[in-house]
Amino acid sequence: MTTELYDGKVILVDHPMVQHKLSILRCKETSSKQFRELVRELALFEGYEATRDLPLSPVEIETPLQKMTAYELGGKKCVIVPILRAGLGMVDGVLDLIPAARVGHLGMYRNEETHEPVPYYAKLPTDVANRIVIVVDPMLATGGSAIAAVQYLRKAGVTDTIKLMFMVAAPEGIEALLAADDNVQIYVCAVDDGLNENAYILPGLGDAGDRIFGIK
Ligand code: PRP
Ligand code: URA
């Protein structure tokens, strides 16, 4: 169950199970252990929608009763690219769905004053340009981090549509990301009201990285 927003550039995953789990994720009483489990589960559900258009190829197989033409994933292989730190929480959920996917990493944190992303690490598969790229990060706030990730991937040679999965997005971040690169497909579990003066999403869920790793 999904709803298309922003002329189909944004897919809102509004399945009741996703919305139920997202509400628990948002609650301030939710423990880090439960938060991590929920982020992983939600990433799997979201990944199910993000992989809906993957091409299939026919394959001849034999069941215990007869031969048949079945279907298997064909075409380009996938790479999951978490934006560190918080994106790491979504990787295992997507890997549950696509176990053969490669994982690249883009490390960046937001400067607390300017809210601009500060990159500190990047490691992508050498054949990233020939793969379907799925960027994962629980939060899309100003859009700065996601835009930096997309720009890095473009410089690395990725020309296809880049898929990006977030749990919670602010309208400001969606608009900035779509303005920066129109060849992206965004998946979200919620579009929230907007940003506060510290560029945190309202109502949001707080600092996703801190909650995943339990450091506050
Ligand atoms: C958070 C979040 C995104 C970014 C979103 O990471 O995980 O990467 O902020 O904000 P933006 O859209 O305004 O760029 P943060 O920079 O706090 O780093 P962390 O994951 O290490 O906590
Ligand atoms: N990063 C987060 O973790 N949460 C927000 O609300 C904004 C940026």
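This text follows the structure it describes.
Residues numbered from 1 in each chain as written. Chains lettered and ligands numbered in written order. Predicted model: local features only at pLDDT ≥ 70, side-chain atom pairs only at ≥ 80, totals over all residues. Heavy atoms only, no water.

Enquirer: Sorry if this is basic, but what is going on with the layout of surface pockets here?
Expert: A water-sized probe, rolled over the atoms, reveals where empty space remains. Its boundaries defined by the atoms lining it, the largest pocket holds a volume of some 780 Å³. Along its surface, the largest pocket is lined by 32 residues, and Arg85, Tyr109, Arg110, Tyr200 and Asp207 are the ones closest to its centre. Looking at the lining of the largest pocket, the elements that each hand over two or more residues are β5 (78-84), β7 (105-110), β10 (139-140), α4 (144-155) and α6 (208-213). Class assignment of the residues belonging to the lining of the largest pocket gives a composition of 16 nonpolar, nine polar and seven charged. In this structure, the second largest pocket spans a volume of roughly 300 Å³. For the second largest pocket, the lining is made up of 18 residues, of which Asp53, Leu54, Lys163, Gln185 and Tyr187 are closest to its centre. (1 Å grid on protein atoms, 1.4 Å probe; cavity = no way out; pocket = protein on both sides within 12 Å on 5 of 7 lines; lining within 4 Å. Points joined across faces, edges and corners; volume = space filled by probe spheres on them. Helix = DSSP H or I, 4+ residues; strand = E, 2+ residues; numbered from the N terminus. Nonpolar A, V, L, I, M, F, W, Y, C, P; charged D, E, K, R; others polar.)

Enquirer: Explanation requested: the site of ligand 1 in the structure shown.
Expert: The environment of ligand 1 is made up of 16 residues, and the closest members are Arg85, Arg110, Asp137, Thr142 and Ser145. The side chain of arginine 85 places a nitrogen or oxygen atom 2.6 Å from an oxygen atom of ligand 1. Arginine 110 is positioned such that a nitrogen or oxygen atom in its side chain is 2.7 Å from an oxygen atom of ligand 1. Contact with the protein chains removes 91% of the 500 Å² of surface that ligand 1 exposes when unbound. (Near = heavy atom within 4 Å. Polar contact = N/O pair within 3.5 Å; in protein donor to acceptor, adjacent residues only side chain to side chain. Areas by Shrake-Rupley, 256 points an atom, 1.4 Å probe, with all protein chains shown as cover.)

Enquirer: Would you explain the pattern of salt bridges in this entry?
Expert: Oppositely charged side chains are able to pair whenever their charged atoms sit close together. The tally for this structure, following the rule as stated, stands at twelve salt bridges. As a salt-bridge pair, lysine 21 and glutamate 41 come within 2.9 Å of each other at their nearest N and O atoms. With lysine 21 in helix α1 (residues 16-26) and glutamate 41 in helix α2 (residues 32-50), the pair connects residues that are 20 residues apart, well separated along the chain. By relative accessible area, which is 14% here, lysine 21 ends up buried. Between glutamate 37 and lysine 33 there is a salt bridge, and its shortest N-O distance comes to 2.8 Å. With glutamate 37 and lysine 33 both in helix α2 and four residues apart, this pair spans about one turn of that helix. Exposure remark for glutamate 37: the relative accessible area of 38% places this residue in the partly exposed category. Through salt bridges with shared partners, one network takes in Arg40, Asp92 and Asp96. (Salt bridge = Lys/Arg side-chain N within 4 Å of Asp/Glu carboxyl O. Buried < 20%, exposed > 50% of the residue type's maximum accessible area, 1.4 Å probe, protein only.)

Enquirer: Where do I start with the nonpolar core in this structure?
Expert: Soluble, globular proteins show a tendency: their nonpolar side chains are buried together. In terms of nonpolar packing, the biggest core is built from 36 residues, with Leu25, Val136 and Met165 touching the most fellow members. Those elements giving two or more residues to this core turn out to be β2 (10-13), α1, α2, β5, α3 (88-97), β9 (132-136) and α6. The element contributing the most residues to this core is α2, with six residues. Residues contacting leucine 25, with those up to four places away along its chain left out, are Phe35, Leu38, Val39, Leu42, Met167, Leu205 and Arg211. (Core = buried A, V, L, I, M, F, W, Y, C linked by side-chain atoms within 4.5 Å. Contact = heavy atoms within 4.5 Å.)

Enquirer: Sorry, what's going on with the pairing of strand β13 (residues 184-188) here?
Expert: Counting buried residues along β13, five of its five residues qualify, which places the element largely inside the surrounding structure. Burial of the side chains of β13 extends over both faces: Val184, Ile186 and Val188 are buried on one face and Gln185 and Tyr187 on the other. Relative to β13, β2 is paired through three bridges, and the arrangement is parallel. Note on β13: the bridge partner recorded for leucine 12 is valine 188. For strand β11 (residues 162-165) and β13, the ladder comprises four bridges, and the chain directions are parallel. Bridge pairing links lysine 163 to glutamine 185 in β13. (Pairing = 2+ DSSP bridges.)

All quantities given are derived from atomic positions and should not be read as evidence of function.
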